[in-house]
Amino acid sequence: MKYIKGVGDYWTKRLKRLEIKELKDLLYYFPRDYNDWSQTKKIRELKTGENVTVQGKVVNINEIKPRSGLKIIKVAISDGTGILHGVWFNQGYIKKTFRKDVTFLFSGEVKYSYGNFEINNPHFEEVDFQDNLHTGRIVPVYPTTKGISQKKLRRIVKNGLDKYLGDVEEFLPEDIINKHKFLDLNYALPMIHFPESKELLKEARRRFAYEELFVLQLILALKKSEAQSDKLGIKHSKENGLVDKFLDLLPFDLTKAQARVWQEIKGDMESNRNMNRLLQGDVGAGKTVIATLALLKTVQSGFQGALMAPTEILAEQHYLGLKDDLEPLGLEIGLLVGSLKAKEKKELLEAIEAGEIDIVIGTHALIQEGINFSNLGLAIIDEQHRFGVKQRATLQEKGDNPDVLVMTATPIPRTLALTVYGDLDVSVIDELPPGRKPVITEWRTQQVRDRIYSFLREEIEKGRQAYVVCPLVEESEKLDIESATELSIKLQNEYFPDLKIALLHGKMKPTEKEEVMEDFRIGDIDILVSTTVIEVGVNVPNASVMIIEDAQRFGLAQLHQLRGRVGRGQYQSYCILISDPSTDEGVERMKIMTKSTDGFVIAEEDLHLRGPGEFFGTRQHGMPDLKVADILRDHKLLELAREDAFALIKDDPRLEKRENKLLKGILTENFNYDFELLDIS
Ligand code: ADP
Ligand code: MG
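Residues numbered from 1 in each chain as written. Chains lettered and ligands numbered in written order. Predicted model: local features only at pLDDT ≥ 70, side-chain atom pairs only at ≥ 80, totals over all residues. Heavy atoms only, no water.

Peer 1: Quick question: what am I supposed to make of the sheet that holds strand E9 (residues 276–281) here?
Peer 2: Consider a sheet: its strands pair through backbone hydrogen bonds, and that pairing is either parallel or antiparallel. Strand order in the open sheet formed by 7 strands is E11-E12-E10-E13-E14-E9-E15, and the pairing between neighbours is parallel. Since the sheet does not close on itself, it has two edges, and those belong to strand E11 (333–336) and strand E15 (425–429), each with one partner. Averaged over all neighbouring strand pairs, the angle between strand axes comes to 20°, with direction disregarded. Contacting strand E10 (304–308), E11 and strand E12 (359–362), helix H10 (residues 312–326) crosses the sheet at an angle of about 170° to E11. (Pairing = 2+ DSSP bridges. Helix = DSSP H or I, 4+ residues; strand = E, 2+ residues; numbered from the N terminus. Axes fitted to C-alpha atoms, helices over the stretch in contact; angles between N-to-C directions. Contact = heavy atoms within 4.5 Å.)

Peer 1: Just checking my understanding: could you explain a negative patch on the surface for this structure?
Peer 2: A surface patch of like charges, here negative, comprises Asp324, Asp325, Glu327, Glu332 and Glu356. As for its position among the elements, glutamate 332 is in the loop between H10 and E11. You can call glutamate 332 partly exposed: its relative accessible area is 43%. (Patch = residues over 30% accessible without salt bridge, like charges linked within 9 Å, V, L, I, M, F, W, Y side chains within 5 Å. Areas by Shrake-Rupley, 256 points an atom, 1.4 Å probe, with all protein chains shown as cover. Salt bridge = Lys/Arg side-chain N within 4 Å of Asp/Glu carboxyl O. Lys, Arg positive; Asp, Glu negative; His and termini not counted. Charge placed at Lys NZ, Arg CZ, Asp CG, Glu CD. Buried < 20%, exposed > 50% of the residue type's maximum accessible area, 1.4 Å probe, protein only.)

Peer 1: Where do I start with the environment of arginine 449 in this structure?
Peer 2: Among the structural elements, arginine 449 can be located in helix H14 (residues 449–461). Under the relative-accessibility criterion, arginine 449 is labelled buried at 12%. Along the sequence, arginine 449 and cysteine 575 sit 126 residues apart, while their C-alpha atoms lie 14 Å from each other. In terms of polar contacts, arginine 449 uses its side chain to reach the side chain of glutamate 549, at 2.8 Å. (Polar contact = N/O pair within 3.5 Å; in protein donor to acceptor, adjacent residues only side chain to side chain.)

Peer 1: Where do I start with the pairing of strand E5 (residues 103–113) in this structure?
Peer 2: In terms of strand pairing, strand E2 (residues 51–67) meets E5 through 7 bridges, oriented antiparallel. Its bridge partner being in E5, glycine 56 is matched across the sheet by phenylalanine 104. Both E5 and strand E7 (residues 123–126) contribute to a ladder of 4 bridges, which runs antiparallel. Along E7, the bridge assignment pairs phenylalanine 106 with phenylalanine 124. Where E5 lies against strand E6 (residues 116–120), 4 bridges are found, and the strand directions are antiparallel. Across the sheet, residue serine 113 finds its bridge partner in E6, namely asparagine 116. Connecting the antiparallel pair E5 and E6 is a turn made up of 2 residues, with tyrosine 114 showing a positive phi of about 45°.

Peer 1: Help me understand helix H7 (residues 241–249), please; the structure alone is not making it clear to me.
Peer 2: Listed as buried for H7 are Leu242, Val243 and Phe246. Each buried residue of H7 sits inside an arc of 100° when the element is viewed along its axis, so together they form one side. Looking at the buried residues of H7, the elements they touch are helix H8 (256–270), helix H9 (287–300) and H10. (Arc of directions from axis to C-beta.)

Peer 1: When you look at the site of ligand 1 in this model, what are you seeing that I'm missing?
Peer 2: Every one of the 17 residues lining ligand 1 counts as a neighbour, but Gln258, Gly284, Lys287, Thr288 and Arg436 are closest to it. Side-chain polar atom of glutamine 258 to a nitrogen atom of ligand 1: 2.8 Å apart, as the coordinates give it. Coverage of ligand 1 by the protein chains reaches 86% of its 570 Å² of free accessible surface. For the shell around ligand 1, the residue count by class is 6 nonpolar, 6 polar and 5 charged. (Near = heavy atom within 4 Å. Nonpolar A, V, L, I, M, F, W, Y, C, P; charged D, E, K, R; others polar.)

Peer 1: What am I meant to see in the packing of aromatic side chains here?
Peer 2: Pairs of aromatic rings are described using the distance from one ring centre to the other and the angle between the two planes. Taken as a whole and judged by the stated rule, the model has 20 aromatic pairs. Ring geometry for phenylalanine 98 and phenylalanine 104: centres 4.7 Å apart, planes at 55°, overall tilted. Here the two residues phenylalanine 98 and phenylalanine 104 agree in accessibility, since each one is buried. Aromatic pair phenylalanine 104 and phenylalanine 124: ring centres 6.4 Å apart, planes at 50°, arrangement tilted. Pair noted here: phenylalanine 104 is in strand E5 and phenylalanine 124 is in strand E7, with a separation of 20 residues, a long-range link. Across this residue pair, the class does not change: phenylalanine 104 and phenylalanine 124 are buried. (Phe/Tyr/Trp six-rings, centres within 6.5 Å; stacked < 30°, edge-to-face > 60°.)

Structure follows, in structure tokens:
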């Protein structure tokens, strides 16, 4: 770095603040925006409101103090056709920059004031006649920080480009460059920093967006081929005794969609390839049954199974359900959650390690150190969107390459699925069990609370149950819990003195939570006032009303999940959003919710409203950090990149061909991809 003109030791240190450590970082430190100052004009032709660049000789430098506390610097330039003033307020130091008779460029929006054209706070630069960086062109605007000015940064980038361009090696395969007509790296780099035209900027952007997506897809393709290698996987037995017994006892038939995805999963498990499968199915589609079948299959083959869920409430629910269903078949089920007493935990861990427990259900507690399975054959993650990609890997490492099934009710729009879950095979349950009626969703304001509650009473009198959900915003958990508590008291005292109302929130002791959930499940509670702890997975088919307070405070995906807690049985169910949104986006969300019950539609809308980063929230660590590409706008490019990457890995699985050598280097160096992983045959 310090060999670049104008950098030296001092700037080498400063640039580190921007994570620019090597030449590569500098060349790939792309502008976050551009100012188009490429339109130059004669002063005589100026019009107010135009964004232009004007070139002229300094004819006058003036400092005015119209009142105390205000200092105005006016610099007049002339190009022979007229005079233009650059105007600065309270920036006295600027005066020193200018000298009479020196030619400058001023860029900015033109105004007409007291008989003169002027530009307030113009971008300016002394004319170099060859090499202007800050005006008279499309000017890059970099993300920067205190102590590193735009101008300095532009200069350093420019010097870096001048010194090293031509020596940068193109690493994208030649046939890909030709096929998509991409700019060569040595041309694309200057064009993304100092574009000669808007068209060239667009082309440079297209190349770098592709490059980013292509590398990402290469890694996914490698992971996939790594996972599919014959030597790694567990070959589950074709015997189906336990599975068949369970299916016989099941009070319903599998839906067509369930039967189909089960065949897909069964096929994976019986093959000697490693299963890495994502099971998508909207809320209430019946994913748990499929998980149960897969767990039975692994036990049948002599292995242990694990099922991880994001909340204790859900883990507990799965545990109770599986215990009921599977203990009669002779299986041992264990529940591993953070709240276990030390002694219970120790005993459980020993039993797991000794192989005495067939199926372990748990929360994050499952992937902690010190938890060892005797022989884990299958790891399942429920509500995968609540976990990160890392946690999936950690669970998988609890065994010797167990098969992995991840399940999610949050439908992932296709573009995102290709980016985040691109190494997984996908099965979709695209059909709800028979007899389900779509949940009727209504948006109501605070004003009509009384009417909402009289409707609620009618439903309870029919024998149904209800949820009332209060928002939980992490920063003020305490306040939220207080307001949920207050609401439950108010409902009990003012509206429903004769009904059984209970409160559930995350700060309650686990045993208390369990009791409340159990009472609700068996129908001893009419109305459950809860925070979002019940957001995912909870299954009480008799509940038919979901009332969501301050619904505008939830994202679409969350609202859809919450709504999914009702409509899980044969009863017509209702979701009532109580909301007085103050933003357009809030209004938009309420409208989308009342219009559609289709999780895919809602997820696509959500993605558009919030953008990919927000869509997954901070929980989703698997969302790659894309600098140039925008997976919404660039979805076509993403598909191309995926096709190309998978074809390349198919043709050259370990990137051993000479023409792919540089690419391999990039993956190892920049992404720490370990090619040893592939050396297995
Ligand atoms: P999710 O996909 O949201 O996890 P669950 O697995 O909890 O859904 O299933 C929701 C409800 O549907 C449960 O009560 C379950 O017993 C029931 N169910 C699942 N499959 C069927 C089916 N094929 N026919 C009828 N009911 C089913
Ligand atoms: Mg579920």
